[in-house]
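# Overview (structure and organization)
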Amino acid sequence: MKILVRSLERSVSEAELLALFQAYGKVESCTLVMDADTGKSKGFGFVEMPNPREAIKAIKGLNTLRVHGVGIRVKAAEEQAK
């Protein structure tokens, strides 16, 4: 299941994001979206978890959690129309 993580403080690293989700189960991938010009975080990212049950627990457990003083938003990512 692909998960969208928004409202991330710009200083949050991919490793920190990965650690948050690993507490809930296996993480297939974890990607912060970076600005091409500055190389800095755009404040959101995606996490892929293969087990839907673990993914739902992570979404419920992490949504609104304060990370670096900012409440993050976590939800299932909507599939892109092709």
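Residues numbered from 1 in each chain as written. Predicted model: local features only at pLDDT ≥ 70, side-chain atom pairs only at ≥ 80, totals over all residues. Heavy atoms only, no water.

### Some points on the side chain of Ser41
We count it as follows: Helix and strand assignments follow DSSP, with helices taken as H or I runs no shorter than four residues and strands as E runs no shorter than two, numbered in order from the N terminus. For the exposure calls, accessible area comes from a 1.4 Å probe over protein chains only, and a residue counts as buried if that area is under 20% of its type's maximum, exposed if over 50%, partly exposed in between. Counting of polar contacts relies on pairs of N or O atoms within 3.5 Å, with two restrictions inside protein: one atom must be capable of donating a hydrogen and the other of accepting it, and residues adjacent in sequence are counted only when both atoms are side-chain atoms. Any two residues having at least one pair of non-hydrogen atoms within 4.5 Å are treated as being in contact.
Assignment of secondary structure puts Ser41 in strand E3 (residues 41-48). Residue Ser41 is classed as buried on the basis of its relative accessible area, which comes to 7%. A polar atom in the side chain of Ser41 sits 2.9 Å from the backbone nitrogen of Gly43. Leave out the neighbours within four places in its chain, and Ser41 touches Arg10, Leu32, Val33 and Met34.

### Looking at the pattern of salt bridges
Where we set the bar: Criterion for a salt bridge: a side-chain nitrogen of Lys or Arg within 4 Å of a carboxyl oxygen of Asp or Glu.
Under the counting rule described, the total for this entry stands at 1 salt bridge. A salt bridge links Lys75 to Glu78; its shortest N-O distance comes to 3.6 Å.

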